[in-house]
Amino acid sequence: MADSHDPKNIRNICILAHVDHGKTTLADHLIASSGGGVLHPKQAGRLRFMDYLDEEQRRAITMKSSSIALQYKNHSINLIDSPGHMDFCSEVSTASRLSDGGLVLVDAVEGVHIQTHAVLRQAWIEKLMPCLVLNKIDRLIVELKLSPLEAYNRLLRIVHEVNGIVSAYKSEKYLSDVDSILARPVGETGNEYQELLDDDDEEDTFQPQKGNVVFVCALDGWGFGICEFAEFYASKLGASVAVLQKAFWGPRYFVPKTKRIVGKKGLPAGSKARPMFVQFVLEPLWQVYEAALDTNGDKTILEKLIKSFNLSVPPRELQNKDPKAVLQSVVSRWLPLSDAILSMVIKHMPDPGTAQAFRLSRLLPKREILDDDVGKSDVIAEAELVRKSVEACDSRPEAPCVAFVSKMFAVPMKMLPQRDVNGGIVNNIEVGNGDSDECFLAFARIFSGVIHSGQKVFVLSALYDPLKTGDSVQKHIQEAELHSLYLMMGQGLTPVASARAGNIVAVRGLGQHILKSATLSSTKNCWPFSSMTFQVSPTLKVAIEPSDPVDMGALMKGLRLLNRADPFVEVSVSARGEHVLAAAGEVHLERCIKDLKERFAKVNLEISPPLVSFRETIEGESLNSFDKFKSLFGNSNVIEKTTPNGRCTVRVHILKLPDALTKLLDESSDLLEDIIAGKAIRAQDDEHPVESLRKRIWDAVKSEISETNAEKDKEKLKLLWENLLKRIWALGPRQIDPNMLLLPDSTTDDNGSSVLIKGSPYVSERLGFVSSSEELETETTSAETRSLKEEADSLRSSVLSGFQVATGSGPLCDEPMWGLAFVIEASISPYDSESEAVNQSDQYGVFSGQVMTAVKEACKAAVLQKNPRIVEGMYFCELNTPTEYLGPMYAVLARRRARILKEEMQEGSPLFTVHAYVPVAESFGFPDELRRWTSGASSALLVLGHWEALPEDPFFVPKTEEEKEEFGDGSSVLQNTARKLIDGVRRRKGLAVEEKVVQFATKQRTLARKV
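Right, let's walk through the structure included here. Since we're looking at a predicted model, the values are computed, not measured.

Here the focus is the nonpolar core. Where a protein is soluble and globular, its nonpolar side chains tend to be buried together. Ranked by size, the top nonpolar core spans 78 residues in total, and within it Leu-103, Ile-341, Val-507, Leu-510 and Leu-581 carry the most contacts. Per-element tally for this core: the top contributor is helix H14 (residues 337-348), with six residues. Apart from the residues lying within four places of it in its own chain, the contact partners of Leu-510 are Val-405, Met-408, Ala-442, Val-459, Ala-480, Leu-482 and Leu-520. Grouped together as the second largest cluster of nonpolar side chains are 62 residues, Leu-140, Ile-158, Phe-229 and Trp-334 included.

So this is what it looks like as structure tokens:
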């Protein structure tokens, strides 16, 4: 395979774009020209070669990332086509991890969309070298009928907008893609881009004059970069190619009289000169289109074009009665798409050696060596040698072999090659696979050394640590034998004997060892590659069971296979014993269920309605900052519970955290998990993550303080928040979620004979708000008090457990709590006598369990007392619809309780772009209903945006005369939305629901009396 190829002649690239922007069509043309004859040029753009699954062809969207090897000018190019639908963004992550560069496609008519933001962010995270491809240029001519100057302004605006997104990610200005979209001003027009024409920004990532931007029409098979036209006009205009390349983009004008290239200021007054890109590039292209497609067009232009460039167009194609076919045959030979794209790839995208040196900090971050590990110098030295081999992309046979598997994918047994490299017949029976018809292959990139079939390697999970020994580490490392290697050609597989560093291959023989992704190494002393980053999390959950209970074994086996075959799906068992399948969205879920029924389980299934997650909080928007803090002090807002034996009294105060702080804690859960667990965290970009998080927490608190008007109040609030952030004992539930357990105020002390259970500000210490706490031992007056304090210390875990259980299942419908801070004061008193201690232990059970239950009940009661509210997930929805269908679209949104954010008309097109928030609970079937009501003219894309509290009170009962007049009296009040959602969840979980079992208790009366 690539044994003959020098790694410098290899390019690994992926195609990234929004859905329907033309990725697979572009891939078709590249395969037709450089794929070794697997696709005829006549079928390119229509066959969609990389979409080989039936479901992909039926839906006309890509659902998985697949690879193919191309040959172009002595270079081997591994091309990975990735999906553009938000439901399959995990496949974009797997593709970008194995690539060194990315072709970012943008539709010239539709412009930048939400998934464009997502793929640019993914490319930035994985440190890919991006190139921009502006597709569907022909639509500007044929559909929108723009003039060359209008088209140029549109292209200029798109390039600037994409550059703006990349620069925003570089400066880490936005936390998420949704934030970056919402930050764009409403009603952007071309006017604010006028200043772009004055000067070029050297720091822009994408600059056509540098050659990393091309303009294409993938469907018709033509495309060009500025350099192609610069080479053609160099002799005619008497200028060098380098000068023309710079002049062909931006405010550069050609003066025919002086034959000079001038800027805007050098133009004579009243001149109607057009930018050189318009005059020398777009206008000739427009003339060719008009000559071919207009009935009265000048057909001699095509003949001149063919003669000027010496194009070999068969006469039969020129005599075709379809003008579109004639145009395509001429322009695709004049400006070949594959030459424009692949020459840009070779020139501007790095080879594996250069790319791995640049990406090393992302792939294999440098680990901090602790003092305990200093003695293991040989292990550290070998691990460093492996890291240097990866950095240099060492392809020598003696170099350590390192590869990364980004995903496992299932292939039917009948699709495997029947013969090996030497032509011998292969035994394709999968060892340990039972009677399954599926074979699992690993989608892998070799980063160092050479791998060959039959080789034994170590499979390392992301948690493996070569410096640790013992049983805890052994479960993260396995030894496996590579059965065979394949070169991927879309659906086809070509067996190869070995593969060198820099290549992408499919590996067979790892199906029993890898679940989702892993690192392969020839040595145990190797750090595993860092985990991949997914843009979204699986939010759509359904419960699955077989129609026939006898098929339960087949379903469980099928779920195991599906879990391995899909990099993003999550399979779990709920507390009620249901098998729960979590997917990214409806399209992803439908494909998973289809695969289960037809490939993996092969049984009929019963699918539950979607299981929607909610959160529980308290009312807080109507209160000012000081009113919120009042609930932490005094006795009026306290909830008090006592253990059954009367020895422990629990008092709970509750506070609602600011929304900005809650959102920050939720988004930083992975970092918080590492911080609280005490893991060594490496500094990135000269700033330590812990310091960065502490600063962002303060920023979130300051935004809450700034809402207060009076300066004196601001100072008081700042002191109060400083005090609170120094008293964080724990977060919950799961130790990392956005609810806080705060220590009682230092003024709260032991009362009389009782002793307060005191914790330590553990989380505050980890985050750096306080230094390590030093507990001062106070002089105790008696042995009894000393023993009571020891007992109080032993009950700390009970208070913590009670807090975790309470925040994990709130009082409304057993859903996790959201954005709440609890101050728990638990004090214990001594036994009256020794006999009482023995009797109470037998009568009431273990004391620590009683304390935990009392804390849990007190926390739930505190939430119920403070006007509880339900919190629901909200999708950010981007809709595109023609003007005539705006009415039906708004009707669909109104039925789904959607909230419109902004609406704007896309310049130069009849489409409106509408941004809205749609509740997750109301989103199921939304795209289908939208297409049905708008006759298929509207499209919608959903991405999880944020959590939002419903302002409605679920326990609302009319009390005043006005309320009774509006809503009726208590017996006939209809349930509000919040109560309906709560009852729906309670009913699903088998909890008690207040509802009428008998709706109409009147006895039935018959109309006829028969004797």
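Time to look at the pairing of strand E3 (residues 75-81). Here E3 lies mainly inside the structure; seven of its seven residues are buried. Burial of the side chains of E3 extends over both faces: His-75, Ile-77, Leu-79 and Asp-81 are buried on one face and Ser-76, Asn-78 and Ile-80 on the other. As paired strands, strand E1 (residues 10-17) and E3 are joined by six bridges and run parallel to one another. Opposite Ile-10, over in E3, you have Ser-76 as the bridge partner. Taken together, the seven bridges between strand E2 (residues 66-72) and E3 define a ladder with antiparallel strand orientation. Opposite Ser-67, over in E3, you have Ile-80 as the bridge partner. From the end of E2 to the start of E3, which pair antiparallel, there are two residues, and Lys-73 there has a positive phi angle of about 50 degrees.

Moving on to the sheet that holds strand E20 (residues 540-546). Spatially, four strands are ordered E21-E22-E20-E23 in an open sheet, and the strand pairing comes out antiparallel. The two strands at the open ends of the sheet, each matched to only one other strand, are strand E21 (570-573) and strand E23 (605-607). Neighbour-to-neighbour, the strand axes of the sheet open up by a mean angle of 30 degrees, direction not taken into account. Direction of pairing for E20 relative to strand E22 (residues 579-583): antiparallel, over a ladder of five bridges. Note that in E22 the partner of Ala-543 across the bridge is Val-580.

All right, on to the packing of helix H22 (residues 669-677) against helix H23 (residues 689-705) then. Interaxial distance between H22 and H23 falls to 11 Å at its minimum, and their mutual angle equals 120 degrees. Compared by their axis directions, H22 and H23 come out oblique. When the axes of H22 and H23 are compared, the crossing they make is left-handed. Where H22 abuts H23, its residues Leu-671, Leu-672 and Ile-675 lie against Pro-689, Val-690 and Leu-693. Here the residues of the contact of H22 with H23 sort into six nonpolar, no polar and no charged.

A separate point is the state of the cysteines. Taken as a whole, this structure holds zero disulfides when the rule is applied. The thiol sulfur of Cys-526 is not disulfide-bonded, and the nearest other cysteine sulfur, from Cys-401, lies at 9.8 Å.

Criteria and cut-off values
Residues numbered from 1 in each chain as written. Predicted model: local features only at pLDDT ≥ 70, side-chain atom pairs only at ≥ 80, totals over all residues. Heavy atoms only, no water. Core = buried A, V, L, I, M, F, W, Y, C linked by side-chain atoms within 4.5 Å. Buried < 20%, exposed > 50% of the residue type's maximum accessible area, 1.4 Å probe, protein only. Helix = DSSP H or I, 4+ residues; strand = E, 2+ residues; numbered from the N terminus. Contact = heavy atoms within 4.5 Å. Pairing = 2+ DSSP bridges. Axes fitted to C-alpha atoms, helices over the stretch in contact; angles between N-to-C directions. Parallel < 35°, antiparallel > 145°, perpendicular 65-115°, else oblique. Left-handed = near helix turned anticlockwise from the far one by under 90°. Nonpolar A, V, L, I, M, F, W, Y, C, P; charged D, E, K, R; others polar. Disulfide = S-S within 2.5 Å.

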